[in-house]
Amino acid sequence: MGGELIDRALEYASRSSRYSEARYMEILTNDLSYRNSEFEGMDSGKESGYAVRVINNSIAMAYCDREDWGRLKEAIDHAVRISMKPGKSSIWEGNSIKDSWKVNQRKPIEDMSVEDRVTLARDFDSLMKSAGADVRMNVIHDKRTKQHYVNSVGSDIRGDVARLYYFYMVGVIENGEFEQSTKEYGSSSGYEYLDSLNLEERITSDVRDLHESASAPRPSPGKFDVIVGPEISGIVAHESCGHPTEYDRIVGREGALAGESFLTGKKFPFRIGSENVSVIDDPTIQGSFGYYRYDDEGVPSRKRYLYRKGYTDEFILNRESASMIGRDSNAGGRSSSWDMEPLARMSTTYIEPGDYRFEELFEGVRKGIYIKSFTEWNIDDIRFNEKYVGKEAYLITNGDLSGRVRRPVIETTTINFYSAVDAVGRDLEFSAGMCGKGDPEQGVDVWMGGPHMRLREVYIQ
């Protein structure tokens, strides 16, 4: 690992700055794509560089992509000059921390050959084809990130994270109708993660469900009691809780980029739904795709309640946004690469499980719909008006499943969705995602999830 200049960079920046920090990142990536029985290619990349943040009368960043003290010094000098101009100059500094951490791998990504990766993708494609999928796409992505962070408070933290991501899309044509399914799996680990997923059963079942859904009737529009599965709970938690509680969105910093928040201008705590609903963002879950012990600003991670019993609780904060409201950072500062500033981001966001067994959720449902998964979703810029289209879905009559239905549509608002929840299951499942934000856009690895939930009197199209 490089980064030999990091201490020199911090010492030099500190001479002329009220606060300074330096970060060195080294990122190795591999991306492979396999589509409809054809290997489309594999791309391997390596990037590394320094990011130095200085604060005087304003905040400024310096970036350098090589071990060249002359270039790095020049970039720091430029940043210091900019930081002398008036502007935002507040940041939460915190305490000194010295530590190192690492994600262990049983099947290290470095040990996987090109042939190993191609074989994996080809086997998944063959499985999909034999199950009856007409359209097939498989993408395997792995990444190892080594990072060294120091700041003028005295922190010195080293991290080493391996992550694996698998995405697939399958499509079927049945009686002239097309249905498709996408799935995302991810973990902070090596390739042993794929062995734990039982993908043969998952993929075969997914393709079978698509064929059955394509032949199912559409539901008659009207009000139903609705039971949603963990996949829908997860996307709801991520989109209508995680994003609107990123504090930089609330204050408008991301207004022209990732979007704004319906929470702007509200008095907190603000009621968002029934007391049955709490939503958590937790970077400390080891093995999750959003796991980290320290964020990219050297702040120790911890579990945070974004919504608690129907009210807003914490916001997602990085060092800069924490200083805006006089709070400690809660380790939301994440950066997708060495040349990107850390933004307030999610990690693993999920609806907190309740007490109900799966069967109990159906009790008392005279006329309802069970929407297990989604094929499409959409949400507006402030994360308030939203739409979820069911993929695997069934009618419920007097507490029992009574046949498949195709593409039931929930169109609602964040407040109405959470207010309709009257029972929350005790189960919990997660899926992975690449969350985008910022300009240039930064994609960071996240998990999202939740339990089954029951909603009352929801209008279904």
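The coordinates are above.
Definitions and cut-offs
- Residues numbered from 1 in each chain as written.
- Predicted model: local features only at pLDDT ≥ 70, side-chain atom pairs only at ≥ 80, totals over all residues.
- Heavy atoms only, no water.
- Buried < 20%, exposed > 50% of the residue type's maximum accessible area, 1.4 Å probe, protein only.
- Helix = DSSP H or I, 4+ residues; strand = E, 2+ residues; numbered from the N terminus.
- Pairing = 2+ DSSP bridges.
- Contact = heavy atoms within 4.5 Å.
- Axes fitted to C-alpha atoms, helices over the stretch in contact; angles between N-to-C directions.
- Disulfide = S-S within 2.5 Å.

(A) Examining the pairing of strand 8 (residues 222-228) more closely. Counted residue by residue, strand 8 has six buried out of seven residues, so it is predominantly covered. As paired strands, strand 8 and strand 24 (residues 453-460) are joined by six bridges and run antiparallel to one another. When the bridges of strand 24 are listed, Val226 appears paired with Leu455. Pairing between strand 8 and strand 15 (residues 367-371): four bridges, direction parallel. Of the residues in strand 15, the one forming a bridge with Val228 is Ile371.

(B) The sheet that holds strand 10 (residues 304-308), seen in detail. Spatially, 11-10-9-14-23-22 is the arrangement adopted by the six strands of the open sheet, whose pairing is mixed. Taken across any chain shown, the strands that pair with only one partner, and hence form the sheet edges, are strand 11 (311-312) and strand 22 (429-437). Here strand 9 (residues 279-281) pairs with strand 10 via three bridges, running antiparallel. Each bridged residue has a counterpart across the sheet, and for Asp281 the counterpart in strand 10 is Arg304. Here helix 6 (residues 230-242) sits on the sheet and contacts strand 9, strand 10, strand 14 (348-351), strand 22 and strand 23 (442-450); the angle it forms with strand 23, its principal contact strand, is near 130 degrees.

(C) Structural detail: the state of the cysteines. On inspection of all chains with the given rule, the structure shows zero disulfides. The structure places no disulfide on Cys435, whose sulfur is separated from the nearest cysteine sulfur, that of Cys241, by 13 Å. Under the relative-accessibility criterion, Cys435 is labelled buried at 3%.

The values reported here are purely geometric and, on their own, carry no functional implication.
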